[in-house]
There are 2 protein chains.
Amino acid sequence: MYETVALVGATGAVGRIVLEQLASRQFPMKRLKLLASQRSVGKEVRFNGETIKVELLEPNAFKNIDLVIASTPDEVSAEFAPWAVEAGAIVVDESGYWRMDPSVPLIVPEVNPEATANHRGIIASPNCSTTQMVVALAPLHKAARVRRVVVSTYQATSGAGLAGNEELKDSIRQSLAGQKHSPKTFSHPIGFNLIPQIGSEKHEGYTSEEMKMVYETRKIMGDEEIQVCPTCVRVPVAIGHSESILVETERPLSASDARELFEAAEGVTVIDDLSGKKYPMPLDCDGKDDVFVGRIRKDISSPNGISFWCVSDNLRKGAATNAVQIAELLIKQAAAAS
Amino acid sequence: MYETVALVGATGAVGRIVLEQLASRQFPMKRLKLLASQRSVGKEVRFNGETIKVELLEPNAFKNIDLVIASTPDEVSAEFAPWAVEAGAIVVDESGYWRMDPSVPLIVPEVNPEATANHRGIIASPNCSTTQMVVALAPLHKAARVRRVVVSTYQATSGAGLAGNEELKDSIRQSLAGQKHSPKTFSHPIGFNLIPQIGSEKHEGYTSEEMKMVYETRKIMGDEEIQVCPTCVRVPVAIGHSESILVETERPLSASDARELFEAAEGVTVIDDLSGKKYPMPLDCDGKDDVFVGRIRKDISSPNGISFWCVSDNLRKGAATNAVQIAELLIKQAAAAS
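Since we're looking at a predicted model, the values are computed, not measured.

(A) Main features of the nonpolar core. Formed by 116 residues in total, the largest nonpolar core has its most connected members in Val68(A), Phe308(A), Val68(B) and Phe308(B). In this structure, Tyr2(A), Leu22(A), Leu32(A) and Ala320(A) belong to the second largest nonpolar core, which totals 34 residues.

(B) Structural detail: the UniProt feature "binding site: phosphate" (unreviewed entry) in chain A. Residues and elements named next belong to chain A. Annotation from UniProt places "binding site: phosphate" (unreviewed entry) at Arg99. Counting through the fold element by element, Arg99 comes out in the loop between strand 6 (90–93) and strand 7 (122–124). Judged by relative accessible area, Arg99 falls into the buried class, the value being 4%. Leave out the neighbours within four places in its chain, and Arg99 touches Glu94, Val104, Leu106, Ala124, Ser125, Pro126, Asn127, Lys212, Glu216 and Lys219. Here Glu94 takes part through its backbone oxygen, which lies 2.9 Å from a polar atom of the side chain of Arg99.

(C) Looking closely at the interface of chain B and chain A. Contacts between the two partners involve 61 residues from chain B and, on the opposite side, 61 residues from chain A. Approximately 5200 Å² of surface area, both sides summed, lies buried where chain B meets chain A, with 61% of it carried by carbon and sulfur atoms. It is Phe192(B), Leu194(B) and Ile300(B) in chain B that bury the most area against chain A; as a group they hold 14% of the surface buried on that side. At the junction of chain B with chain A, the criterion picks out six salt bridges. Glu210(A) is paired through a salt bridge with Arg295(B); the nearest N and O atoms lie 2.6 Å apart. Counting the contacts that link chain B with chain A gives 38 residue pairs in polar contact (both at pLDDT 80 or more).

(D) Local environment of the packing of aromatic side chains. Considering all chains together, one arrives at eleven aromatic pairs over all chains under this definition. Ring geometry for Tyr154(A) and Tyr154(B): centres 3.9 Å apart, planes at 15 degrees, overall stacked. Note that Tyr154(A) is positioned in strand 8 (residues 146–154) and Tyr154(B) in strand 8 (residues 146–154), a pairing that runs across two chains. Each member of the pair, Tyr154(A) as well as Tyr154(B), carries the same accessibility label: buried. An aromatic cluster is built from Tyr154(A), Trp309(A), Tyr154(B) and Trp309(B), whose rings are joined through pairwise contacts. Looking at Arg297(A), its charged tip hangs above the ring of Tyr206(B), at a distance of 4.5 Å from the centre.

The rules we used
- Residues numbered from 1 in each chain as written.
- Chains lettered and ligands numbered in written order.
- Predicted model: local features only at pLDDT ≥ 70, side-chain atom pairs only at ≥ 80, totals over all residues.
- Heavy atoms only, no water.
- Core = buried A, V, L, I, M, F, W, Y, C linked by side-chain atoms within 4.5 Å.
- Buried < 20%, exposed > 50% of the residue type's maximum accessible area, 1.4 Å probe, protein only.
- UniProt positions renumbered as here; feature names shortened; annotations may be inferred.
- Helix = DSSP H or I, 4+ residues; strand = E, 2+ residues; numbered from the N terminus.
- Contact = heavy atoms within 4.5 Å.
- Polar contact = N/O pair within 3.5 Å; in protein donor to acceptor, adjacent residues only side chain to side chain.
- Buried area = accessible area lost by both parts, 1.4 Å probe.
- Salt bridge = Lys/Arg side-chain N within 4 Å of Asp/Glu carboxyl O.
- Phe/Tyr/Trp six-rings, centres within 6.5 Å; stacked < 30°, edge-to-face > 60°.
- Lys NZ or Arg CZ within 6 Å of the ring centre and 35° of its normal.

Structure representation (C-alpha cells):
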C-alpha cells in the first residue's frame, strides 16, 4: 500500500486514463496528489467521487510522496524526476527522457519484471509502439529466440495527445466539406491520408520513433543482438496502434506453435479466424488493456519466420496501463521481499 | 492507330478513369464503343465532346473491334474475353481472372514489355498492389537481383470501387455523428479503423490479395525464386495505395545506390527528404500516374536490405493507366515490327 501517490500530467490524454486505471483497478494507495505546470494549477479533477485540485509541479512538491506516475513531455521529466528522487519518491515515468539511461530500468511487467531490481528511483515505461510489440514477441523469444523483426506500424492520432485526435476530426470534417485544412499538430493533413514519419530524423534515414523500437526492444528483451527494421506511419485512426510484424527466430516455429505461445502469454489475447473475418482491429481494441494478436501465419519468404498482426490501445497498454502495472509490480515485489 | 476500341465497364471507378486517360493521352483510335451488362445499357457517357451510348456486352458485340480494354469482375471477364478473342480483338484485361493463365502475358510496360510477345488475344494487367510494387522493384532487381520482399500495404477504399469510397464517407459521417454504421462493401466499419483482410482466405493464412502479390510479382519480374511475404490492410483513405517495403537483394545496394536506381527508373518519382518532411502520401498522389517512392534507407536488420515507402494512385497506375499503357505499348511494338 502506497501512502501518497502523485500523478504528474493528469489532464493530458494519458493522464486521464491513468486516473481511470487507478480508480478501476482499486490501486493500493491512501492519497492522490495531482501535479502540473502553472497553466493547469487550480484545475479540479474528479477522482473516486472526490474533487482534487491540481497543484504546482515544483522542487518542493514531492515531500512525503512514495510514488510518482508521470506522463509529461521529455523535457518536463528531465527537470522534475530528480526533484522527486531527491525527496525519496519512486518515479514511474512515461516520457522518453530516461528510457535508455543505463541506470534506469525500462519495464514491461509481462516481459522483464526482474529488471526493476537496483533501480535508483526512476523506472521508465516504454514507447507505445514498442510496448505492444514486446508483449507479443516475449513468448516467442523465450521459446525460440528472436533474431530479427521487420515491423510496419499503423499508429493512431492519439499518440500525439488530445490535440492529435482533435486535428484528425477537424481534418476529416474540413475535407468532407471541401474546405482547406491547415495542420498544426501534424506536419501534413491526416484525414484520408497517411504520414510516413513519426518523430524527427534520427539515424540514417530512420526517425526517432523508429529508433525507439530498435533500442527499447533490445533493452526490454535483454538481448542486444535482436535486429529490428521499423517503419512508423501515422494513420487516420483515433485510438489503437496496429503493427504488421514479421519475426525471425533462431529455432523454427510453426504457426500453431506461435498461436499456442501467444495464447499462453500474459497480457495477450488472440483473435485469429481469417475465414470467419476475425482479427484485431483498432475500433475493437479501444478501451481495452490487452495486446491483441491475429493473422498468425508462417512467413512464406523465409524458413524461420512468423508473420502476425498486433493491435493495442496506445493510451492504455501503450502508456497508462503499463505505468500503473509497473507501480503494482513494485508493490508485489516489495511484499514478496519482506 | 486502332480503328475501333471497345471499353467494357466504362461506368465503374476504373472505367471512368480509362475514359479520362484515353482522352487526355490522345489515345490513337478512330472510334470508341462502350459495352456493359444489361443494367447499364442505354446510359450515356461523355467522351471527347461526344455522347456515347452504352451497348450490351454479348457474344456479337465484338465484330470489327481491334482492341478491348476491360475493367470488370473476374466472372464477367471469364465469359466475355473469349467472345472478343474469337471475333479477332485483342483484350487488355484488368480483372484477376486471366493473370496467372500461362498463355496470358501479365504486363507492366515499365517492367516486362517484351512479355507481350506470343499473346493469344488476352493480355492481363496486374492487381493494383502488385503493379506499383513491381514498378519500384524492377530497377533494383535489374541491378542487384531481388531475392525477398516483405511488404505491408495500406490500401485505399477505392480498391473496392465507387461503393468502397461511399462506404468510407458514410462510416466516418456516422461515427462523427455518434450513429451506428452497418458496413455493406467491407466486412467491418472502415471509418477510424483498419481491416487487416483484403480478399478471402487463400493459402495457409494468407488472403487472395496477398497471394496475388506473391504470384503476380514472380510472373511479371520473370523470376520464380523471388520470395514475397505480404500483409494487406484496408485503411480509411479514399485514393492511393501505400506500401512499406523491405527488399533483400543478392548483391548489396546502398541507400544512395537505390535512390539513383529509382530516380533513373521509368514511371518512378522519388520524393525523399525526411528532414524536410517530404515523402509520398496518398493525398498528394491522387490523380497522378507515377509510382512515388520515398523513405529510402538501408535495412538496419540485414546486410542486403533496402527499406522504402511506395505510394501510387490505385485507380491510375494500379489499374486504368497501366491498361492504357499496355494498349499504347502494343501499338508501338506493332509499329517497330512493321
